[in-house]
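# Topology and contacts: notes
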Amino acid sequence: MSHQSPRSEVRLQGIGVSPGISYGLADYFGPALVEPEQLSIESSEIESEKTRLNVAITATREQITALQEEIEQSSGSEHSSIFDAHLLILEDSTVLDEILRKVENELCTIDWAYHEVMSQYTESLRKISDAYLRERAVDIEDVAQRVLKNLAWPGGDWLKPTLSENAAIVLAHDLTPSDTIGFDREKVKGFATEAGSPTSHTAIMAHSLNIPAVVALHAFKSSCQPGDMVLVDGYKGLLIINPSESTLSEYEAVIEREDQLAADLKPLAEEETFTADGRQITLSANIEFLEELELVSSQGAEGVGLYRTEFFYLKDSTLQSEDHQTENYAAIAKACGSYGVIIRTLDLGGDKLHPDLFEEPQPNPFLGWRGIRVSLDRPEDFKVQLRAILRASAHGKTRLMYPFISNLDEVLQANALLEEAKDELRAKGIPFDESIERGAMIEIPSAVMIADHIAREVEFLSIGTNDLVQYTTAVDRINDRVANLYRPAHPAVVEMIRLTVEAAHRNGIWCGICGEVGSDLNLTPLWIGMGVDELSVGPAQVLKLRRAISRLSSDECELLLEEASRKGRASEILEISRDLAGKYYPELLSSSPVG
Ligand code: PEP
Ligand code: MG
């Protein structure tokens with residue numbers, strides 16, 4: 001059949017969210033919507049197409065019946081009766097006859113005929129004014145998708161969202177952070193998703209793990225099939241399906257160049273970070289998992305500047321015990337040596353939903369119950385985490401940090417609970433660092449505006465730009481429809497960051513950036529110009545950033561910042577900052593030159 005013949009190269013443009021290039025066998029993860037291509041068959045193939053349909057219908061019947069029994073046992077027959085309707089749709093002989101006639105008359109595949117006929121039915125139901133009948137379109141679609149998937153993957157492989165044995169590139173409509181955690185990191189070398197945005201937590205994790213990733217590719221399922229060879233270009237945001245020989249050899253040259261750069265930068269892993277005029281900056285790493293510690297040390301990060309503890313909760317489906325948490329945090333503190341670790345207390349909510357805590361969907365999850373709000377509403381569980389962090393501080397340099405601060409009361413309440421946690425440990429004679437440093441994340445504009453007040457209650461501030469951009473400019477960080485409006489160089493954002501750094505310094509404390517913009521080499525001159533004390537970035541970005549910083553001098557960056565403060569558009573600020581960056585480290589800015 002023609003759909004088995006080799007297919008030519010197709011290039012799809014998305015957004016590169018984690019740089020690098022990977023090439024390998026692709027597989028879909030999750031319930032992909034199947035939209036078959038219009039392909040023709042020989043008349044000799046009609047009978048085998050009919051057999052394929054019979055096999056798929058039988059498999060679908062078995063799956064629906066099994067589901068029906070499962071639901072009947074868990075929720076009663078009231079809920080399972082919907083599947084009677086599904087079985088009727090599945091076996092409707094008028095519809096099946098029409099599909100088979102289409103295959104015979106038009107010599108098309110059964111997949112195409114089935115999809116076309118079922119789509120016609122759903123379309124006509126959607127136009128009916130009766131709401132009940134309109135709803136039935138969803139049922140028909142549901143059944144049709146099951147049959148189409150059973151045609152595409154006989155044996156029911158699509159039922160469990162797993163990857164085929166040799167798959168190296170994960171294709172998905174979207175990936176949640178919990179999906180991403182589950183992949184075997186030895187096997188998975190790249191991600192490509194139809195939805196998504198640069199600061200979704202999935203993108204951040206790919207970046208941290210140094211796995212090339214492209215998001216916001218929009219419907220790619222008609223161009224790409226499981227089993228295709230694909231290339232992910234995380235620099236340019238390209239997904240190349242069935243790359244040609246010449247594309248592959250061009251990319252080999254790019255990979256060689258990247259390897260050469262990595263080798264050049266390697267000696268910097270032994271050094272600390274200074275600007276050209278000798279100002280020291282702390283360059284630490286953001287991590288989500290213990291497994292990343294290896295990368296933290298091999299890339300020469302100066303400790304961990306952000307440990308996102310919520311991933312620890314998301315990974316295991318039950319909330320963790322104090323001992324278990326202590327063990328986890330202490331392991332990181334020990335590994336970070338004298339630089340230490342900044343442990344951020346739970347930042348669940350938004351796109352990080354724990355099933356035990358978020359049974360009901362929130363209408364606006366990013367403006368809802370998230371971060372410190374969740375912790376303060378559950379003070380006993382919060383204190384478990386605080387005690388665990390304190391106990392870890394006896395094993396190695398440990399700081400703690402509160403996420404999602406929107407007002408001063410939250411900082412005061414969190415500090416009060418920290419004091420209670422300390423008292424509880426003292427009462428039991430458990431050791432901890434009495435002068436553990438506390439930090440507040442500044443990621444909401446209201447916190448920027450009261451940064452002086454917050455700065456008086458903590459020992460450091462860390463700017464979470466991923467959220468600060470989203471809340472300052474009203475652009476949902478995970479909505480690819482508005483990804484073009486997500487602009488870290490927006491003058492309002494740059495000003496918010498500057499105000500925060502100034503407030504910290506005015507109050508005699510240090511200030512870092514732990515959002516993704518900290519590793520955007522185009523913008524590094526701005527942060528140096530502001531006098532930021534620390535940048536915490538994905539471990540894989542550390543060496544490039546260390547080299548970039550070493551080429552910049554504070555004076556020139558301060559002048560740049562002054563010029564930036566007179567600009568009204570993100571594009572203008574980006575341009576002047578990029579010009580300065582290009583003057584000093586062009587070789588680091590170059591993205592993949594192919595295409
Ligand atoms: C941020 O908001 O910039 C940040 C570092 O935290 P997260 O990305 O986990 O929200
Ligand atoms: Mg944040």
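What comes next is a walk through the structure. Remember, predicted model here, so these are calculated numbers, not experimental data.

### Digging into the sheet that holds strand β14 (residues 460-463)
One closed barrel accounts for 8 strands, arranged β9-β10-β11-β12-β13-β14-β15-β16; its pairing is parallel. Recorded for the sheet is a direction-independent mean angle of 25° between the axes of neighbouring strands. Relative to strand β11 (residues 341-344), strand β10 (residues 304-308) is paired through 3 bridges, and the arrangement is parallel. From the neighbouring strand, Arg 308 faces β11, where its bridge partner is Arg 344. Along the sheet, helix α15 (residues 408-428) contacts β12 (398-402) and β13 (438-442); its crossing angle with β12, the most-contacted strand, is approximately 140°. Its contacts with the sheet place helix α19 (residues 491-506) against β13, β14 and β15 (510-513), and it is angled at close to 155° to β15.

### A word on unusual backbone geometry
Positive phi, normally seen in glycine, also occurs at Ala 216, with a value near 55°. Here Ala 216 is to be found in the loop between β6 (213-215) and β7 (229-233). Of the residues examined, Ala 216 reaches a relative accessible area of 7% and is grouped as buried. Backbone geometry at Ala 474 places phi at a positive 55°, although glycine is not the residue there. Examined against the element boundaries, Ala 474 turns out to sit in the loop between α18 (465-473) and α19.

### Quick look at the nonpolar core
Ranked by internal contacts, the top residues of the largest apolar core, which has 90 residues, are Leu 461 and Trp 527. The contacts of Leu 461, once residues within four sequence positions are left out, are Ala 440, Ile 442, Ile 454, Ala 455, Thr 500, Ala 504, Ile 509, Trp 510, Cys 511 and Gly 512.

### What about the coordination of the magnesium ion (ligand 2)?
Four donors placed tetrahedrally around a metal ideally meet at 109.5 degrees, and six donors placed octahedrally ideally meet at 90 or 180 degrees. Donor atoms from the polypeptide that coordinate the magnesium ion (ligand 2) comprise Glu 443 (OE) and Asp 467 (OD), at 2.0 to 2.1 Å from the metal. Placement of the pair is Glu 443 in the loop between β13 and α16 (445-449) and Asp 467 in helix α18, with a sequence separation of 24 residues. For Asp 467, a relative accessible area of 2% gives the class buried.

Rules of the game
Residues numbered from 1 in each chain as written. Chains lettered and ligands numbered in written order. Predicted model: local features only at pLDDT ≥ 70, side-chain atom pairs only at ≥ 80, totals over all residues. Heavy atoms only, no water. Pairing = 2+ DSSP bridges. Helix = DSSP H or I, 4+ residues; strand = E, 2+ residues; numbered from the N terminus. Axes fitted to C-alpha atoms, helices over the stretch in contact; angles between N-to-C directions. Contact = heavy atoms within 4.5 Å. Buried < 20%, exposed > 50% of the residue type's maximum accessible area, 1.4 Å probe, protein only. Core = buried A, V, L, I, M, F, W, Y, C linked by side-chain atoms within 4.5 Å. Donors = N, O, S within 2.8 Å, 3.2 Å for Na, K, Ca; no water.

In short, geometric facts, not functional conclusions.
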